[in-house]
Amino acid sequence: PYVANLVFASRIKNRVRSNQAAKAYFHSKSNVFTIFVVLSGGCYPALTLLSSKIFGMGIFDCGLTRYELKRFSRIKIFGTIVLENIPQLLFQIIFVAAIRDASPDVFMSFVASFLSLISTTMSYMIDRDSSDIKVTQYYVVCSLKKSLRELKRGAGNVDETS
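**Remarks on the confidence of the model for the protein**
Looking at the protein, the pLDDT average stands at 80 and 84% of residues meet or exceed 70. Element-level pLDDT for the protein is lowest in helix 9 (residues 148-156), with a mean of 69, against a maximum mean of 90 in helix 4 (residues 30-40).

Next comes the structure, spelled out in structure tokens:
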């Protein structure tokens, strides 16, 4: 799972092509994203953190909308279910078959993995049906047509009677 998440992280710029803000963020701060993927072990948790806008810090505003982040949930499904939970369940079954005894620890681990698999699958199935949602993205561009010097000059000529 770790290597797969690093591969997803290396391809993030191609996945955000249509979002100019995210494209610019990952172009300039791809090293920050990679560090969070390495530390968290997952691409989706790193994307979630970098989209959180926590503390109002620009480093945590990668420009992805909630809708776009939801589209990346396939990464979470693939990483969590296919690469983690299913192999873990298979190894637990093989282990129990090999020792011919299911200790309470093995049983609880199996139940926890199975519940995680069901929970993640259900969450994905509930969230994936967004066909009736229309996504609108707004980009605000601000520009200053007058220089600071012109503004100061104009402030001295203000008619106080109006």
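After that view of the structure, there is still more to cover.
**Some details on the packing of helix 3 (residues 20-28) against helix 4**
Axis separation between helix 3 and helix 4 bottoms out at 4 Å; the angle between their running directions is 80°. Taken together, the axis directions place helix 3 and helix 4 in an arrangement best described as roughly perpendicular. In this structure, helix 3 contributes Y25, F26, H27 and S28 to the contact, and helix 4 contributes S30, N31, V32 and F33. Of the residues that constitute the contact of helix 3 with helix 4, the class distribution is four nonpolar, four polar and no charged.

**Description of the nonpolar core**
Judged by nonpolar contacts, the single largest core of 20 residues is most densely connected at F26, F33, L47, L64 and F72. Within the residue set of this core, elements represented by two or more residues are helix 3, helix 4 and helix 5 (43-50). When near neighbours in sequence (up to four residues on either side) are disregarded, F72 contacts I12, R15, V16, Y44, L47 and L64.

So, how was this worked out
Residues numbered from 1 in each chain as written. Predicted model: local features only at pLDDT ≥ 70, side-chain atom pairs only at ≥ 80, totals over all residues. Heavy atoms only, no water. pLDDT = per-residue confidence, 0-100. Helix = DSSP H or I, 4+ residues; strand = E, 2+ residues; numbered from the N terminus. Axes fitted to C-alpha atoms, helices over the stretch in contact; angles between N-to-C directions. Parallel < 35°, antiparallel > 145°, perpendicular 65-115°, else oblique. Contact = heavy atoms within 4.5 Å. Nonpolar A, V, L, I, M, F, W, Y, C, P; charged D, E, K, R; others polar. Core = buried A, V, L, I, M, F, W, Y, C linked by side-chain atoms within 4.5 Å. Buried < 20%, exposed > 50% of the residue type's maximum accessible area, 1.4 Å probe, protein only.

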